[in-house]
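The residues making up each chain are set out below.
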Amino acid sequence: FCVFVSKIIKVNSQFFRLLRVFFFPSPLSFSLCPGAGGWSPLSSDRYQWLEVDLGGRTRITAVATQGRYGSSDWQTAYLLMFSDTGHNWKQYRQEGSIGAFAGNSNADSVVQHKLQHQVIARYVRLIPLNWNPNGRIGLRLETYGCPYNSDVLSFNGQSSLLYRLTPRPRQMSSESISLKFKTLKNSGILLHAEGQNGHSLTLELEKGKLQLLIRKGKSLSPDIRYLVTLGSLLDDQHWHHVAVEHHSNHLKLTVDKSTEWVHISPTFAHWDHDQGNVTFSCSEPVFVAMTFTGPQSFLRLPRRIDQSSLGISVGLQFRTWNKAGLLLTFELPNREGRVWLYLSKARTHLQIHKSALNDGQWHSVDLISAGGRLTITVDGDEGASAHASPSFLITTGGHIFFGGCPAEENSQECLNPFKAFQGCVRLLTVDNRPLDLIKVQQRLIGNYSHLQIDMCGIIDRCSPSHCEHGGSCSQSWSTFHCNCSGTGYSGATCHSSIYEQSCEAYKHKGNISGYYYIDVDSSGPIKPQLLYCNMTEDNTWMVIHHNNTDLTRVQPSPEVNQHVVHFEYASDEEQLTAIISLSEHCEQEVAYHCRKSRLLTSPEGSPLSWWVGGPGVGQMHTHWGGAPPGSQQCACSLQDNCVDSRYHCNCDADSNEWTNDSGLLTHKETLPVRSLVLGDIRRHGSESTYKVGPLRCHGDKNVWNAAFFDKETSYLHFPTLHGELSADISFLFKTTSSSGVFLENLGIKDFIRIELNSSNEVLFSFDVGNGPLEVSVKAGSPLNDNRWHRIQAERNVKEASLRLDELPAVTQEAPADGHIHLQLNSQLFIGGTASRQKGFRGCIRSLQLNGVTLDLEERAKITPGVQAGCPGHCSSYGSLCQNQGRCVERPTSFSCDCSSSAYTGPFCNKEVSASFKSETSVTYAFKEQMVNELNRSSSASSSFPSSIYSDITLKAENVSLSFRTSQSPALLLYVSSYHREYFAVLLSKPDKLEVRYRLDSSKDAEILRSKVKNLADRQLHVVTISRLADVVSVQVIHTLITILSVHFVKHHSLCACLFSIDSEGLDLDLAQIASLGFTGCLSAVLFNSISPLKVALLHPKTSPVTVTGPLIQSICGFTSANLSHATETTHHLSGKRPLVNAIRSDSALIGGVIAVVIFVTVSALAIMARFLYRRKCTCQRQEVKTVKPEDNPELPFRSRITSQNGPTENQKEYFI
């Protein structure tokens, strides 16, 4: 029903026009107040208000306003206050933060606002904020609602109410109790319930927050556990709603708008309290508070000077969130000084110039000056008192200022060197007399500015908390802060994960195998988990271990016929499910070793053993590894190699000999293995062992999920983005266009959009009702370079942020008291807009919204103008392939080809090294068929046709190796040709590095010595030698210092002639050093693109390599790529014995031997002489143009074929 009544009106002005305010319990559609009238105060400022007494508590649902009839008077914005008593007003806020309501734009139209949440109150107060600048404040007001009646109880701190539930004929599925309470005390028991077995549950108010406690037992020292804490500032003398719902072993607690579910014992049967006196009414003491809202707020009070008073006393209570602020100040008589009482670092400080209180709770402060002693007492505690005995009398010079100072310039009466106070003050006393703040409000006492009197407008911005993923919330007066330490998340609200979603993502950031935190749903609710990532293969494996991955012997028990084992995984259930779903492939090894113990099939055909796997509790499966689900077979049956063809498993043959069935379970819907049941374990002579390996998954379906937009009008559409309070968006893009919209979602007024605004700028914009907000990032180089670039955008109630690639994130704060809900209702457009304008041309990959990947490829397959997938990853990720590794494109990824590198691993960054002893040798031979031809024709070597020789000029070579040894002298590397020409690297006394070149057998070797000493120190050293034409550079990395020597040599042409190498081919001192062999460690050996040590260790059976003696793979240490170093450059011009022609015949070089870390003795060289033959030849000298180092910094090979025809390469061997 509806009633049409007049209500009592009260205003804060000396003049107003008579107004009848009409109250409608339900909305009606008609002119608000026909005819003349309306309220218009004499002064139009923000301290005017209109108050309506509704005569009783009322459920208010809406308000409507209209300007003063026939005038230019109307308000354009206003605040609404509500109260039960006419005091202690509470401001109504939309969305928990918006305080202002939009008013009128003229005097006649009606503007109605339906309240988002209903209000129960007796008094309504409207405070105009803005009004027509060409008129005055003018108002006609209407409220909507219905009468509200309820029973109330008043508790005095000693009283209580007992309510005992009557026995029920059947068990109730749920029980609930709900109530509303209001209090000025910040602690006390609100509800106590006792159940069976002496268990009890208590709702207790503690520091203005409601705590739920559970107590087990009635002993003197019961087990008390705090389950949850909800609400804040509940001691504000306003009504708060509390509901407790009991569902079996769960309890749902609701305080106002916050809800928590907790697990409890299911034994509670009744709710119980001790009895006491209860008053069935609600007597409310009146405490008038005031709110200091900002830096301009202050209260100035005069002090009545009492001649008999020899001091001053001031008392007050305050509450605030800020750590700093001025509480009060006054000037000493005759301007002899000043007194300040202020907060700093959440503690009270007193400062006299002549010389954790920010928890939102009420705190009392008393300042008393008497008898030459100044005392400050906080919260009435003597232990929290401070005393001072100044040498002068402390009293006031006339006025006391609270909270701050007036904004007038040149005001000497009030000085504030501290922050202004923001918070609430009540129970203010001066000289032991209470101050009537209502008279202050009416400006009958003192003066003030920017105060809200008769209300405490403090807001708990941490209840409910906007900090996600367990982040702790703290706040100041105007904003909140989230501490994300230890959560694994970052950002203003701890929304974004700091970890990657898969091992694949870690790998493509250049990481190596190891343990990493994996957050499979990014910003979603699943917590990060520490998992092992195996990156040693082309596939990157995510390994999830369980409690028993070892081969385990079955120990039969006489009491049971089956052996049952359960597996507990290192990951939580929800994470296991997400990992399996995210991965392209998962597998788990199972093995059963048996002797007289059957695995699956009994003679009757029934399964003897089975395993349980799959999501949740899993399902029973009777197939074994390597066989399809439901087959009740093992891998040997599919491979047709079971030990007994009559059976489908080796173990089912029931043999007296040990055998096994093993294989991989690869069907993701059956993984992981949760338990194993083995049935044939108790027969005489039965023995068995089993193994269930860890769950291994590879392939991140999200990382490479991409779509190519080949037209500006093409786009993909998805369901509406849901991110009212927080949303994060991340993706990668590459394009050749200078602009285009990546993503857009629209609402009625709200929107969100990310776009390439120009060739070097990305723009993130949105509107949640406060007007458009933009965040942009500019790159230092063009973004339309057809390389992958990463965008990460986040919007929450506190700020918006945008990050591009590895640039610092740019943030934009949201308005402190603005709209916070992003309300969208259209489809989400990817690669375009609803208007099909400014579309994006290029690729978008790995698009995630709030941690959920959108399947671009599947949607692109059915969308014209969009192609699934996007190749071309090496342009962006090719740099990850290190040490001369080559990037190879894949349809949805890339890989590194390490065949031309001395390293291995997914990024060619894992060193290949070995430990050598003096007798160790490795021989690597090229063109083995050429050796065979030479052996077959050994009797007539001089009759070889000239066609098998060629003159291939070698303009450059690159040689690198790392070594660790304590031996000196030692030959590290030796390159020899059939012309008795050689290239050698050795350690000589005193532990110096020497490089020797002899490229003309008729002349002595050129010796290049390094400045580095003491290289035989058991430390890792890296040597790199490069030659380009007549320039040779030698680089040695020694204890983090690089010594680079550059040598310039003369050159001329060199004939490629085959001749014999024997012990006489070595210089005497070099032969002596070679006879010592080498003891130490060698790694990363590379001669141009050939790595003889790598093939000897990793591919000894498939490559032309011969190893004698012990060759043990080891780790020498960090390589040059891992060392930081300084560089010293020297120049030496060889004049006495120039290094002959730096251009070498390729046939001679390949026909010779390369000895790396030579352990080769003279006798070993003599053995090799059997494969080498003498032949005289005539050489035609050729002059070759000198090539400077800057002409080709990569030092490539270049060949030039002469007029002679025949093979371009002869026999070539490597000795190690």
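Residues numbered from 1 in each chain as written. Predicted model: local features only at pLDDT ≥ 70, side-chain atom pairs only at ≥ 80, totals over all residues. Heavy atoms only, no water.

Engineer: Which residues make up the nonpolar core, and what are the values?
Structural biologist: It is characteristic of soluble globular proteins that their nonpolar side chains tend to be buried jointly. Core analysis: the largest hydrophobic core is formed by 41 residues, its most contacted members being Ile 518, Ile 544, Tyr 592, Trp 624, Leu 676 and Leu 695. Broken down by element, the residue count for this core peaks at four residues, all from strand E41 (residues 583–595). Grouped together as the second largest cluster of nonpolar side chains are 39 residues, Phe 764, Leu 854, Ala 860 and Val 866 included. (Core = buried A, V, L, I, M, F, W, Y, C linked by side-chain atoms within 4.5 Å. Buried < 20%, exposed > 50% of the residue type's maximum accessible area, 1.4 Å probe, protein only. Helix = DSSP H or I, 4+ residues; strand = E, 2+ residues; numbered from the N terminus.)

Engineer: If you had to explain the pairing of strand E77 (residues 1080–1087) to someone new, which residues and values would you point to?
Structural biologist: A regular strand places its side chains so that they alternate between the two faces of the sheet. By the criterion of burial, E77 is predominantly enclosed, with eight of the eight residues buried. The pairing of strand E66 (residues 913–916) with E77 spans four bridges and is classified as antiparallel. When the bridges of E77 are listed, Ser 913 appears paired with Ser 1083. With six bridges connecting them, strand E69 (residues 956–965) and E77 associate as antiparallel partners. (Pairing = 2+ DSSP bridges.)

Engineer: Help me get a handle on the state of the cysteines, residues and values and all.
Structural biologist: Inspection of the entire model under this criterion finds 15 disulfides. Two residues share a disulfide in this structure: Cys 484 and Cys 494, whose sulfurs sit 2.1 Å from each other. In this structure, the disulfide formed by Cys 484 and Cys 494 twists by about -95° around the S-S bond and is classed as left-handed. Of this pair, Cys 484 sits in the loop between strand E33 (480–483) and strand E34 (489–490) while Cys 494 is found in the loop between E34 and strand E35 (496–497), placing the two residues 10 residues apart along the sequence. Across this residue pair, the class does not change: Cys 484 and Cys 494 are buried. (Disulfide = S-S within 2.5 Å.)

Engineer: Quick rundown of helix H3 (residues 573–582)? Include the residues and the values.
Structural biologist: What H3 keeps buried is the set Gln 575, Leu 576, Ile 579, Ile 580 and Leu 582. Buried residues along H3 cover an arc of 165° about the axis, so they all sit on one side. Looking at the packing, one finds that the buried side of H3 touches strand E36 (514–518), strand E37 (529–534), strand E38 (541–544), E41 and strand E47 (695–700). (Arc of directions from axis to C-beta. Contact = heavy atoms within 4.5 Å.)

Engineer: Explain the confidence of the model for the protein chain residue by residue, including any values.
Structural biologist: The pLDDT averaged across the protein chain works out to 78; a share of 77% of its residues lies at or above 70. The element-level mean pLDDT for the protein chain is lowest in helix H10 (residues 1146–1150), coming to 28, with strand E53 (residues 761–767) highest at 95. The low-confidence segment residues 1–6 (pLDDT under 50) makes 14 contacts with residues lying over four places distant or belonging to another chain. Counting contacts from residues 1119–1216, a segment whose pLDDT is below 50, to residues more than four positions away or on other chains yields 311 contacts. (pLDDT = per-residue confidence, 0-100.)

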